Amino acid sequence: MDMKLELVAVPVTDVDRAKEFYVEKVGFNADHDHTVSDEVRFVQLTPPGSACSIAIGMGLTEIVPGGLDNLQMVVADADAARAELVGRGVEASEVDEQPWGRFVYFRDPDGNRWSLQQLSAWSAGATGAGDATDSEG
């Protein structure tokens, strides 16, 4: 049975500020922005190249704004991703070198923490982006 993660709710205090941050500064695509009622607003945003989107808005989650501390996306080049974020005005960490990948961290205006991971060479094949070989030979 296939299961595909397609939407993650990200808790925010100011929907318009968060939408501007994710679209203008991080580069997400704005897919939907619907006010359903006085209590519910649904905004769907998708990172470029991703099959999974985030939802911000009102009435979508009970998580406290800023309560997500480990949202992760995979990028081809951590240095280029950091340069793009910084160039767009995002406060991003220096590249963090780890044996399992290279990481860049940033937070949205509410404090939700994101990491961008450039996979190490031995795991890059998992995304179709590397030269991993089949060990079953």
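Please refer to the structure placed before this passage.
Attention here is on the structure that accompanies the text. Nothing here was measured: the structure is a model prediction, and the numbers come from that model.

**Focus on the pairing of strand β4 (residues 53-58)**
Extensive coverage of β4 is indicated by the burial of five of its six residues. For strand β3 (residues 41-46) and β4, the ladder comprises five bridges, and the chain directions are antiparallel. From the neighbouring strand, R41 faces β4, where its bridge partner is M58. Following β3, the chain reverses through six residues before pairing antiparallel with β4; G49 in that reversal takes a positive phi of roughly 80 degrees.

**Thoughts on the sheet that holds strand β5 (residues 71-74)**
The four strands are arranged β5-β8-β7-β6 in an open sheet whose pairing can be described as mixed. Only two strands of the sheet have a single neighbouring strand rather than two, namely β5 and β6 (96-98). Each adjacent strand pair in this sheet contributes to an overall mean axis angle of 30 degrees, direction not counted. Relative to strand β8 (residues 113-119), strand β7 (residues 101-107) runs antiparallel, the two being bridged by seven bridges. For R107, the partnering residue across the bridge sits in β8 and is R113. With respect to the sheet, helix α2 (residues 78-87) is in contact with β7 and β8, its orientation differing from that of β7 by roughly 15 degrees.

**Describing the pattern of salt bridges**
A complete count under the given rule lists eight salt bridges for this structure. D16 is paired through a salt bridge with R41; the nearest N and O atoms lie 2.9 Å apart. Here the residue D16 occupies a position in helix α1 (residues 15-26), and R41 occupies one in strand β3, the gap between them amounting to 25 residues. Of the residues examined, R41 reaches a relative accessible area of 13% and is grouped as buried. The partner of E84 in a salt bridge is R88, with the nearest N and O atoms 3.4 Å apart. Taking the relative accessible area as the measure of exposure, E84 reaches 46% and is therefore partly exposed. The class for R88 is partly exposed, based on a relative accessible area of 35%. Counted as one network, the salt bridges with shared partners bring together D16, K19, D33 and R41.

**A closer look at the nonpolar core**
Among the nonpolar cores identified, the biggest contains 24 residues, and V10, Y22, I56, F106 and W114 are the most heavily contacted of them. Taken together, the elements giving at least two residues each to this core come down to α1, β3, β4, β5, α2, β7 and β8. Top contributing element to this core by residue count: α1, with five residues. Leave out the neighbours within four places in its chain, and Y22 touches V10, G27, F28, L45, I54, D108 and W114.

**Observations regarding α2**
Taken together, the buried positions of α2 are occupied by A78, A81, R82 and L85. Looking straight down α2, one finds that the buried residues subtend no more than 100 degrees of arc, so they occupy a single side. Looking at the buried positions of α2, the neighbouring elements they touch are α1, β7 and β8. One side-chain oxygen of the residue at the start of α2 lies 2.9 Å from the amide nitrogen of D79, identifying that residue as D77. Following α2 by one or two positions, G89 has its phi on the positive side, about 95 degrees.

Here is what the cut-offs are and how they apply
Residues numbered from 1 in each chain as written. Predicted model: local features only at pLDDT ≥ 70, side-chain atom pairs only at ≥ 80, totals over all residues. Heavy atoms only, no water. Buried < 20%, exposed > 50% of the residue type's maximum accessible area, 1.4 Å probe, protein only. Helix = DSSP H or I, 4+ residues; strand = E, 2+ residues; numbered from the N terminus. Pairing = 2+ DSSP bridges. Axes fitted to C-alpha atoms, helices over the stretch in contact; angles between N-to-C directions. Contact = heavy atoms within 4.5 Å. Salt bridge = Lys/Arg side-chain N within 4 Å of Asp/Glu carboxyl O. Core = buried A, V, L, I, M, F, W, Y, C linked by side-chain atoms within 4.5 Å. Arc of directions from axis to C-beta. Polar contact = N/O pair within 3.5 Å; in protein donor to acceptor, adjacent residues only side chain to side chain.

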